[in-house]
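# Chains, contacts and geometry: an overview
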Amino acid sequence: MTRETGRKLVASNKKARHDYTILKTYEAGIVLAGTEVKSLREGRVSLVDAFAQERDGEIMLYGLHIAEYGFGTWTNHQPRRTRKLLLTRVEIARILEKLRDGGITLVPLSMYFSNGWAKVELGLARGRRSYDKRQALAERDANREIARELGRRLKGRRPA
């Protein structure tokens, strides 16, 4: 059997990018059971309520829902169990230093397979207020309209 190459996205947390300002991102491995990996490959995962915290000098992922594997037996996993993230000691120290400042949280942004290994993209995030969210939406819409107009001009069409 040949090993997968490249990056295959399994799930992303779009709401986190809307609710938080992402300051820095980290890639972390994740400790999984066999049936969890099979469920991930089917794409049966939800990052909606997930968050990461420090416990005993390690970063743990809480609230991540990986659905039970359909063909699993009594060895099936618990869907919302706490999972350990695999980061280097230096990365953990940097993350914990930032988290101690206050007002910053660690949220999972996406899950994917990178060369056959399950990975989680974590983001150091600061919460946005509602007016910041509205401003970000308005800015995105304006940029989309500018890009659309530029595309029309490059094609030689006049706006309607």
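Let me sum up the structure you'll find in this document. (Residues numbered from 1 in each chain as written. Predicted model: local features only at pLDDT ≥ 70, side-chain atom pairs only at ≥ 80, totals over all residues. Heavy atoms only, no water.)

## A look at the overall build of the protein
Note the following rule: Secondary structure is summarised from DSSP: a helix means a run of H or I of at least four residues, a strand means a run of E of at least two, and numbering begins at the N terminus for each. Each radius of gyration is computed over the set of C-alpha atoms, and the globule rule expresses the reference value as 2.2 Å times the number of residues to the power 0.38. When a residue's accessible area, from a 1.4 Å probe over protein chains only, is under 20% of the maximum for its type it is buried; when over 50% it is exposed; and in between it is partly exposed. In this description, contact between two residues means that some pair of their heavy atoms is separated by no more than 4.5 Å. Each accessible area is a Shrake-Rupley estimate made with a 1.4 Å probe; only the visible protein chains count as cover when residues are assessed.
In terms of regular secondary structure, the protein is built from 4 helices and 9 strands. Each helix and strand of the protein, placed in order from N terminus to C terminus, yields the pattern β-α-β-α-β-β-β-β-β-α-β-β-α. Against the globule reference of 15 Å for 160 residues, the protein gives a C-alpha radius of gyration of 19 Å, more extended than a compact globule. Projected onto the principal axes, the alpha-carbon positions of the protein cover approximately 65 × 45 × 25 Å. Here the protein holds 160 residues, and the buried ones make up 34% of them. Counting only contacts in the protein whose residues sit at least 6 apart along the sequence, the fraction spanning at least 24 positions is 68%. Accessible surface, the protein as shown: approximately 10,600 Å² in total, 50% of it carbon and sulfur.

## Some words on the packing of aromatic side chains
Filter applied, for reference: Two aromatic rings from Phe, Tyr or Trp, using only the six-membered ring of Trp, form a pair when their centres are within 6.5 Å; if the ring planes differ by under 30 degrees the pair is stacked, by over 60 it is edge-to-face, and anything between is tilted. Whether a charge sits over a ring depends on NZ of Lys or CZ of Arg being within 6 Å of the ring centre and within 35 degrees of the ring normal.
Considering all chains together, one arrives at 2 aromatic pairs under this definition. Between tyrosine 69 and phenylalanine 71, the ring centres sit 5.9 Å apart and the planes meet at 65°, which makes this aromatic pair edge-to-face. Among the residues examined, tyrosine 69 registers a relative accessible area of 17% and is labelled buried. Above the ring of tyrosine 26, the side-chain terminus of lysine 24 is found at 5.4 Å from the ring centroid. Between the NZ or CZ atom of arginine 41 and the centre of the ring of phenylalanine 113, over which it lies, the distance is 4.2 Å.

## Some points on the environment of asparagine 76
Threshold: Residues adjacent in sequence count toward polar contacts only when both atoms are side-chain atoms; beyond that, a polar contact is any pair of N or O atoms within 3.5 Å, and within protein one must be able to donate a hydrogen and the other to accept it.
Structurally, asparagine 76 is set in the loop between β6 (65-66) and β7 (83-86). Asparagine 76 has contacts with Thr35, Glu68 and Tyr69, leaving out every residue within four places of it along the chain. In terms of polar contacts, asparagine 76 uses its side chain to reach the backbone carbonyl oxygen of tyrosine 69, at 3.0 Å.

## Points about the pattern of salt bridges
The following threshold applies: Should a side-chain nitrogen of Lys or Arg be within 4 Å of a carboxyl oxygen of Asp or Glu, the pair is scored as a salt bridge.
With the rule as written, the count across this model stands at 9 salt bridges. Arginine 83 serves as the salt-bridge partner of glutamate 36, at 2.8 Å between the closest nitrogen and oxygen. Placement of the pair is glutamate 36 in helix α2 (residues 34-41) and arginine 83 in strand β7, with a sequence separation of 47 residues. Of the charged contacts, one joins glutamate 149 and arginine 152 as a salt bridge, the two residues approaching to 3.5 Å between their closest N and O atoms. One end of the pair, glutamate 149, and the other, arginine 152, are both in helix α4 (residues 130-155), 3 residues apart, so they sit about a helical turn from each other. When its relative accessible area of 30% is taken as the criterion, arginine 152 is described as partly exposed.

## A word on the side chain of glutamate 121
Following the sequence through the fold, glutamate 121 ends up in strand β9 (residues 117-127). Sequence-distant contacts of glutamate 121, defined by excluding residues within four places in its chain, comprise Arg7, Arg17, Thr25, Tyr26, Val107, Pro108, Leu109, Ser110 and Tyr112.

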